Amino acid sequence: MKTTVGPDTVDVAKAVDTMLTEHDPRAFLSMAEFVEVLRQRTRTDRSDADLKALVTKKAALLDIVME
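Residues numbered from 1 in each chain as written. Predicted model: local features only at pLDDT ≥ 70, side-chain atom pairs only at ≥ 80, totals over all residues. Heavy atoms only, no water.

(A) How the structure looks around helix α1 (residues 12-22). Residues of α1 that are buried: Val-12, Ala-15, Val-16, Met-19 and Leu-20. The buried residues of α1 occupy one face: seen down the axis, they fall within an arc of 130°. Exposed side of α1, more than 90 degrees from the buried face: Lys-14 and Thr-21 are the residues found there. Its buried side turned inward, α1 meets α2 (31-42) and α3 (48-61). One side-chain oxygen of the residue at the start of α1 lies 3.3 Å from the amide nitrogen of Ala-13, identifying that residue as Asp-11. (Buried < 20%, exposed > 50% of the residue type's maximum accessible area, 1.4 Å probe, protein only. Helix = DSSP H or I, 4+ residues; strand = E, 2+ residues; numbered from the N terminus. Arc of directions from axis to C-beta. Contact = heavy atoms within 4.5 Å. Polar contact = N/O pair within 3.5 Å; in protein donor to acceptor, adjacent residues only side chain to side chain.)

(B) Quick look at the packing of α1 against α2. One way to put it is that α1 packs onto α2 with a least axis distance of 11 Å and a crossing angle of 125°. In terms of orientation, α1 and α2 fall into the oblique class. The handedness of the crossing between α1 and α2 comes out as right-handed. Contacts from Val-12, Ala-15, Val-16, Met-19, Leu-20 and Glu-22 of α1 reach α2 at Phe-34, Val-37, Leu-38, Arg-41 and Thr-42. Of the residues that constitute the contact of α1 with α2, the class distribution is 8 nonpolar, 1 polar and 2 charged. (Axes fitted to C-alpha atoms, helices over the stretch in contact; angles between N-to-C directions. Parallel < 35°, antiparallel > 145°, perpendicular 65-115°, else oblique. Left-handed = near helix turned anticlockwise from the far one by under 90°. Nonpolar A, V, L, I, M, F, W, Y, C, P; charged D, E, K, R; others polar.)

(C) Main features of the packing of α2 against α3. The contact between α2 and α3 brings their axes to 10 Å, and the two run at 105°. Viewed along their axes, α2 and α3 adopt a mutual orientation that is roughly perpendicular. Across the interface between the two elements, Met-31, Phe-34, Val-35, Leu-38 and Arg-39 from α2 touch Asp-48, Leu-51, Lys-52, Val-55 and Thr-56 from α3. Class assignment for the residues of the contact of α2 with α3 results in 6 nonpolar, 1 polar and 3 charged.

(D) Highlighting the environment of Leu-51. Structurally, Leu-51 can be placed in helix α3. Once the C-alpha coordinates of Leu-51 and Met-31 are considered, the two residues, 20 residues apart in sequence, prove to be 9.6 Å apart.

(E) Looking closely at the side chain of Lys-58. Note on placement: Lys-58 falls in helix α3. The contact partners of Lys-58, leaving out residues within four places of it in the chain, are Ala-13, Val-16, Asp-17 and Leu-20.

(F) Inspection of the pattern of salt bridges at higher detail. Scanning the entire structure with this criterion turns up 4 salt bridges. Put simply, Lys-58 and Asp-17 hold a salt bridge, and the shortest N to O gap is 3.3 Å. Here Asp-17 lies in helix α1 and Lys-58 lies in helix α3, a separation of 41 residues in the sequence. Notably, a salt bridge pairs Arg-39 with Asp-48, separated by 2.5 Å at the nearest N-O pair. (Salt bridge = Lys/Arg side-chain N within 4 Å of Asp/Glu carboxyl O.)

Structure below.
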């Protein structure tokens, strides 16, 4: 079952997982840079705060510290 949260046509959570696992997360200089790249890849309209919370949660599950 897939729940629709907003007008996103891309699974943003899956994109975060992919970005965190395909690259060394330390390659991103900051959370702001990570969110910027995520927004470019997904074209999401979600707020920065929402995206930062999502990235923080996903990174924590993978034992990755994002600053």
